[in-house]
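Structure at a glance
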Amino acid sequence: MKNIFSFLTLIYCSILQSQELKDFVVPKTYEKILETKGDLDKDGKDEIVMIFNITPREEVSGRKLYILKDVNGKSKIWKENSTIIFDSKEGFYPTENKLEVNIKNNSLNILQSYYNNSRHSDTAKYTFRFQNGDFYLIGASICFDDTCEFNFKNEVNFSTGKVIIDNQYSDCDDDSDRKIPENYYKEFTQKFPKLIKMNDFRIGKNEIKIPNSTKSFNY
């Protein structure tokens, strides 16, 4: 009896959700640049993730992400966001920008990279998971690299609270007398009061301070 009740509840929730979700129609001024598929809510069915260049520009970015559900053969908008994808014109060499999206272990991974200037590059990977009725940021990996002087990598798992700081320095072989700083590595656990919802997340606007140090990093 309990199993039958759970099954009927699942069917009812699915019908209710399909009635609430809007149909997905691609605006004529949108250009699709990426698409991937995978199961994000553990229901055994693949969702579709699409990213578009959008014109005219909307909100923060010139790109928009959609997460779509297939409901009786129709694509329905489950989630849309225009703040977590870098603009196509971001950085010093826009043509060298990279954007990768995949679904692994029922989580959405978004990797983006761009050049700040001719020597420095930023690479950021953000992981979102559907839980408690919404998508939440559960992981971040931030890399800031110089062509030869340094490689900084900061990682945080918001579910476990584990943070890893790995700052590596090197010689540029340019005959300069630059003193090479010592490498810096630290692991610690930090308690996060609550996870950040996808649509509340703003890239680079969140700070983690490193204990017993003046160092910090933004994600």
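Here, every reference points to the structure presented above.
Here's what I pulled together on the structure shown here.

Rules behind the numbers
- Residues numbered from 1 in each chain as written.
- Predicted model: local features only at pLDDT ≥ 70, side-chain atom pairs only at ≥ 80, totals over all residues.
- Heavy atoms only, no water.
- Core = buried A, V, L, I, M, F, W, Y, C linked by side-chain atoms within 4.5 Å.
- Buried < 20%, exposed > 50% of the residue type's maximum accessible area, 1.4 Å probe, protein only.
- Helix = DSSP H or I, 4+ residues; strand = E, 2+ residues; numbered from the N terminus.
- Contact = heavy atoms within 4.5 Å.
- Lys, Arg positive; Asp, Glu negative; His and termini not counted.
- Salt bridge = Lys/Arg side-chain N within 4 Å of Asp/Glu carboxyl O.
- Polar contact = N/O pair within 3.5 Å; in protein donor to acceptor, adjacent residues only side chain to side chain.
- Disulfide = S-S within 2.5 Å.
- Phe/Tyr/Trp six-rings, centres within 6.5 Å; stacked < 30°, edge-to-face > 60°.
- Lys NZ or Arg CZ within 6 Å of the ring centre and 35° of its normal.

Let us now look at the nonpolar core. Counting residues in each nonpolar core, the largest one holds 34 residues, and the members touching the most others are Leu65, Ile67, Leu108, Ile110, Phe128 and Tyr219. Top element by residues in this core is strand β9 (residues 134–146). It accounts for four residues. Here Ile67 is in contact with Leu40, Glu47, Ile48, Val49, Lys76, Ile77, Trp78, Lys79, Leu108, Phe135 and Met198, once residues within four sequence places are set aside. Residues Tyr30, Ile48, Met50 and Phe52 belong to the second largest nonpolar core, which totals nine residues.

Now for the side chain of Asp39. In this structure, Asp39 sits in the loop between β2 (31–38) and β3 (47–53). Of the side chains with opposite charge, Lys69 comes closest to the buried, unpaired Asp39, at an N-O distance of 6.4 Å. At 3.0 Å, the side chain of Asp39 forms a polar contact with the backbone nitrogen of Lys42. In terms of polar contacts, Asp39 uses its side chain to reach the backbone amide nitrogen of Asp43, at 3.3 Å. Ignoring any residue separated from it by four or fewer positions in sequence, one finds Asp39 in contact with Gly44, Lys45, Asp46, Glu47, Ile103 and Asn106.

Counted under the stated rule, the structure contains 14 salt bridges. For Lys69, the salt bridge goes to Asp43, with nearest N and O atoms at 3.6 Å. With Lys69 in strand β4 (residues 63–71) and Asp43 in the loop between β2 and β3, this pair connects stretches of sequence that are 26 residues apart. The buried category is assigned to Lys69, whose relative accessible area is 7%. Here Lys162 ties to Glu187 by a salt bridge, and the two come within 3.6 Å at their closest N and O atoms. Of this pair, Lys162 sits in strand β11 (residues 162–169) while Glu187 sits in strand β12 (residues 184–189), and the two are 25 residues apart along the sequence. Note on Glu187: relative accessible area 40%, which makes it partly exposed. Three or more residues are tied together by salt bridges with common partners; here these are Asp41, Asp43, Glu47 and Lys69.

To continue, consider the state of the cysteines. For the structure on display, the rule yields one disulfide. One disulfide in the model links Cys148 with Cys172; its S-S distance is 1.9 Å. Here Cys148 and Cys172 share a disulfide; its torsion about the S-S bond, 85°, makes the bridge right-handed. Taken together, the positions of Cys148 in the loop between β9 and β10 (150–157) and Cys172 in the loop between β11 and β12 put the pair 24 residues apart, joining distant regions of the chain. With relative accessibility at 21%, the residue Cys148 sits in the partly exposed group.

The relative placement of two aromatic rings is captured by the distance of their centres and the angle of their planes. Applying the stated criterion to the full structure yields 19 aromatic pairs. Consider the rings of Trp78 and Phe135, whose centres lie 5.0 Å apart with planes at 70°: the pair is edge-to-face. Of this pair, Trp78 sits in strand β5 (residues 74–81) while Phe135 sits in strand β9, and the two are 57 residues apart along the sequence. Here Trp78 matches Phe135 in class, with each residue buried. Ring plane angle 70° and centroid distance 5.5 Å describe the contact between Phe152 and Tyr169, whose orientation is recorded as edge-to-face. Of the two residues, Phe152 is situated in strand β10 and Tyr169 in strand β11; the sequence distance between them amounts to 17 residues. Within the aromatic cluster, the residues linked to one another by ring pairs are Tyr126, Phe128, Phe158, Phe192, Phe201 and Tyr219. Positioned over the ring face of Trp78 is Lys69, at 4.5 Å from the centre of the ring.

By themselves, these are just geometric observations and shouldn't be taken as functional.
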